[in-house]
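Structure assessment
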Amino acid sequence: MQALEFVLRDGDSIDPLYKGTFKPVGQNGIVSVNVPANQPSLQIDKEYNWTFSMICDTNNRDKDSYVEGTIVRSQDENLSLQLKQPTTDLDRAVLFATAGFWEDALRTLANLRRQRPNDPEVEKYWEDFLNSVDIKEVVNKPLLPCCTAQK
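Report on the accompanying structure.

1. Concerning the packing of helix 3 (residues 102–115) against helix 4 (residues 120–132)
Running from N to C, helix 3 and helix 4 cross one another at 150°; their axes reach a closest spacing of 10 Å. By the criterion of interaxial angle, the relationship of helix 3 to helix 4 is roughly antiparallel. With respect to the hand of their crossing, helix 3 and helix 4 are arranged in left-handed fashion. Side by side, helix 3 and helix 4 meet where Trp102, Ala105, Leu106, Leu109, Ala110, Leu112 and Arg113 of the first sit next to Val122, Tyr125, Trp126, Phe129 and Leu130 of the second. Looking at the contact of helix 3 with helix 4 residue by residue, the classes come out as eleven nonpolar, no polar and one charged.

2. Some words on the pattern of salt bridges
According to the stated counting rule, one finds eight salt bridges in the structure shown. Arg107 is paired through a salt bridge with Asp104; the nearest N and O atoms lie 3.0 Å apart. You can see Arg107 and its partner Asp104 sitting in helix 3, three residues apart, about one turn around the helix. One salt bridge connects Asp128 with Lys124, and the closest N-O pair in it is separated by 2.9 Å. Taken together, the residues span about one helical turn, with Asp128 and Lys124 both in helix 4 at a distance of four residues. According to the relative accessible area criterion, Lys124 is partly exposed, its value standing at 48%. Within the structure, one salt-bridge network assembled from shared partners comprises Glu5, Lys19, Arg61 and Asp64.

3. So, the environment of Asp76
Tracing the backbone shows Asp76 in the loop between strand 4 (65–72) and helix 1 (77–84). One polar contact links the side chain of Asp76 to the main-chain amide nitrogen of Leu79, over a distance of 2.9 Å.

4. Some thoughts on the nonpolar core
Ranked by size, the top nonpolar core spans 16 residues in total, and within it Phe96, Leu109 and Trp126 carry the most contacts. Elements supplying a minimum of two residues to this core: helix 1, helix 2 (89–98), helix 3 and helix 4. Not counting residues within four places of it along the chain, the set of residues in contact with Leu109 comprises Leu90, Ala93, Tyr125, Trp126 and Phe129. Grouped together as the second largest cluster of nonpolar side chains are eight residues, Phe6, Tyr18, Phe22 and Phe52 included.

5. Quick word on the packing of aromatic side chains
If you walk through the whole model with that rule in mind, you get three aromatic pairs. Geometrically, the ring pair formed by Phe6 and Trp50 is stacked, given 6.5 Å between the ring centres and 25° between the ring planes. Of this pair, Phe6 sits in strand 1 (residues 3–10) while Trp50 sits in strand 3 (residues 47–55), and the two are 44 residues apart along the sequence. The rings of Phe6, Tyr18 and Trp50 are connected pair by pair, giving a single aromatic cluster.

6. Side note on the sheet that holds strand 4
The strands that make up a sheet pair up through hydrogen bonds in the backbone, lying either parallel or antiparallel. In spatial order, the strands read 2-1-3-4; together these four strands make up an open sheet with antiparallel pairing. Strands with a single pairing partner mark the edges of an open sheet, and in this sheet they are strand 2 (16–22) and strand 4. Averaged over all pairs of adjacent strands, the angle between their axes in this sheet comes to 15°, without regard to strand direction. Across eight bridges, the pairing between strand 3 and strand 4 is antiparallel. Pairing of Ser53 across the sheet is with Tyr66, part of strand 4.

Here is what the cut-offs are and how they apply
Residues numbered from 1 in each chain as written. Predicted model: local features only at pLDDT ≥ 70, side-chain atom pairs only at ≥ 80, totals over all residues. Heavy atoms only, no water. Axes fitted to C-alpha atoms, helices over the stretch in contact; angles between N-to-C directions. Helix = DSSP H or I, 4+ residues; strand = E, 2+ residues; numbered from the N terminus. Parallel < 35°, antiparallel > 145°, perpendicular 65-115°, else oblique. Left-handed = near helix turned anticlockwise from the far one by under 90°. Contact = heavy atoms within 4.5 Å. Nonpolar A, V, L, I, M, F, W, Y, C, P; charged D, E, K, R; others polar. Salt bridge = Lys/Arg side-chain N within 4 Å of Asp/Glu carboxyl O. Buried < 20%, exposed > 50% of the residue type's maximum accessible area, 1.4 Å probe, protein only. Polar contact = N/O pair within 3.5 Å; in protein donor to acceptor, adjacent residues only side chain to side chain. Core = buried A, V, L, I, M, F, W, Y, C linked by side-chain atoms within 4.5 Å. Phe/Tyr/Trp six-rings, centres within 6.5 Å; stacked < 30°, edge-to-face > 60°. Pairing = 2+ DSSP bridges.

What follows is the structure, given as structure tokens:
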């Protein structure tokens, strides 16, 4: 593998809103990609498409292995009020998941796994969450350092 690439598009637009190329991390596991803060915010209730590719041959992108998905930025006033109450990070993850804010729940649980790698309660929530969205094959994969953008 020569590189990793994350692309975010507005709906089915061909032109990306953001495109990042990253160095491979050298092992199998779960990586996270952060869109730089200087990028425009996603609009509420608008659909965006993303792809994350493993570039195997830069001269023949047909050989890429990739995953793709859709994301919609949403607002939930009730959730906002609940999150203002004193809660633990695990409680926050449950609130996010219950409200359907999958990415927020995943990010919160991943951060907890990094902070408390030997905590059986965090491990149980992580496993239950990934099983609930039917991606149990990655439950035991390590959380790898965030991708480093190539220049």
